Structures are given as structure tokens and as C-alpha cells.
Amino acid sequence: CDGDGASGTTFAYKPTIKFLELKESLEQKSVILIDVRNPDELSGDGEIPGSFNIPLPEIEKAFNLSPAEFLEKYKLEIPEKDVKNVVLSCSSGRRAAAAREKLEEMGFPFLILYEGSFLDWKANGGEII
């Protein structure tokens, strides 16, 4: 140990977001919400207005697409690697955390996790479309 307290497995930047902050940020269009649930969940349960769907199994492939391909497929510009306003969501937060881990490995260190995800949004009376 070199004494600086840093460890290769510890990331200082692990932000999360709560319902009210996310709701206000979406209204102000200051965050990009990526929902990693499967499309059948969106059609069955609904989705958070303003979110973009990139299912967890597609995450790695999606973020390796060219900017033009990404935009065409997901109706969203591919985020820059150092982006700090992308929020990941799923049903309960587990798959969103897995997506963040995968994207961190791909060089996206500053992604935000909506821990309660869709279930928390729904429990707080968030609008569903």
C-alpha cells in the first residue's frame, strides 16, 4: 500500500439521483434518462416520459455504434465519455447498476444511477406514459 488510501476497486464518483431531483431535471431537460428495461416491460408497465430505451443486453453493442447509427436506432445522440448528466434506470435499479458497471468498463465514469428506478417513480406518483 502506498498510503494514499486509493484502491483500484474504489470509485469516488458513484452518484445517484432521487425521484424529485430526477423529475425536475427531466422537466428542465437537464438530464438524459436511459431506461435499460426490455421493450415488453415498457409496453406492459409504461415508461417515464422523456426516457430513452436501450435494453441492458444491447448496452455494450449500442455504445460501440457510430454516432449516426446510435442516433438512428435510439433517437438520441450518443453521449460523450465524460458526460455527467446521463441517468440510468430500469425496474428496481439492479439492471441499471449492471449497465453502469458495463459502461464504466467502456470508459463512461460519470453515469448517474436512479436506484429505485421505475418502481420508485411509480410509488412517488410520477407520470407514466
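The coordinates are above.
One structure accompanies this document, and this report is about it. All values derive from a computational prediction rather than experimental measurement. (Residues numbered from 1 in each chain as written. Predicted model: local features only at pLDDT ≥ 70, side-chain atom pairs only at ≥ 80, totals over all residues. Heavy atoms only, no water.)

### Describing the nonpolar core
Move 1: Of all hydrophobic cores here, the largest spans 22 residues; its most connected members are Ile34, Ile54, Ile59, Phe63, Phe70, Leu88 and Leu103.
Move 2: When contributions to this core are tallied by element, the ones reaching two or more residues are α3 (59-62), α4 (67-74), β3 (86-89) and α5 (94-105).
Move 3: Of all the elements, α5 adds the most residues to this core, at three residues.
Move 4: Setting aside anything within four residues of it in sequence, one finds Ile34 in contact with Phe52, Ile54, Phe63, Leu76, Val86, Val87, Leu88 and Ser89. (Core = buried A, V, L, I, M, F, W, Y, C linked by side-chain atoms within 4.5 Å. Buried < 20%, exposed > 50% of the residue type's maximum accessible area, 1.4 Å probe, protein only. Helix = DSSP H or I, 4+ residues; strand = E, 2+ residues; numbered from the N terminus. Contact = heavy atoms within 4.5 Å.)

### Observations concerning the packing of aromatic side chains
Move 1: What the rule picks out here adds up to four aromatic pairs.
Move 2: Clustering of aromatic rings is evident, with ring pairs tying together Phe63, Phe70, Tyr74 and Phe108.
Move 3: Between Arg37 and the ring centre of Phe118, over which it is positioned, the NZ or CZ distance is 4.2 Å.
Move 4: Above the ring of Phe110, the side-chain terminus of Lys84 is found at 4.0 Å from the ring centroid. (Phe/Tyr/Trp six-rings, centres within 6.5 Å; stacked < 30°, edge-to-face > 60°. Lys NZ or Arg CZ within 6 Å of the ring centre and 35° of its normal.)

### Re the sheet that holds strand β4 (residues 112-113)
Move 1: Pairing within the open sheet is parallel, and its four strands lie in the order β2-β1-β3-β4. Unpaired on one side and paired on the other, β2 (51-53) and β4 mark the two borders of the sheet.
Move 2: Most of the contacts of α5 go to β3, to which it runs at about 135 degrees, and overall it touches β3 and β4. (Pairing = 2+ DSSP bridges. Axes fitted to C-alpha atoms, helices over the stretch in contact; angles between N-to-C directions.)

### What to know about helix α1 (residues 19-27)
Move 1: Every buried residue of α1 is listed here: Phe19, Leu22, Ser25 and Leu26. Projected onto a plane normal to the axis of α1, the buried residues spread over an arc of 135 degrees and lie on a single side. In α1, the exposed positions angled more than 90 degrees off the buried face are occupied by Leu20 and Glu27.
Move 2: Of the surrounding elements, those touching the buried residues of α1 are β1 (32-35), β3 and α6 (117-123).
Move 3: After α1 finishes, the residue Lys29 shows a positive phi value of roughly 55 degrees. (Arc of directions from axis to C-beta.)

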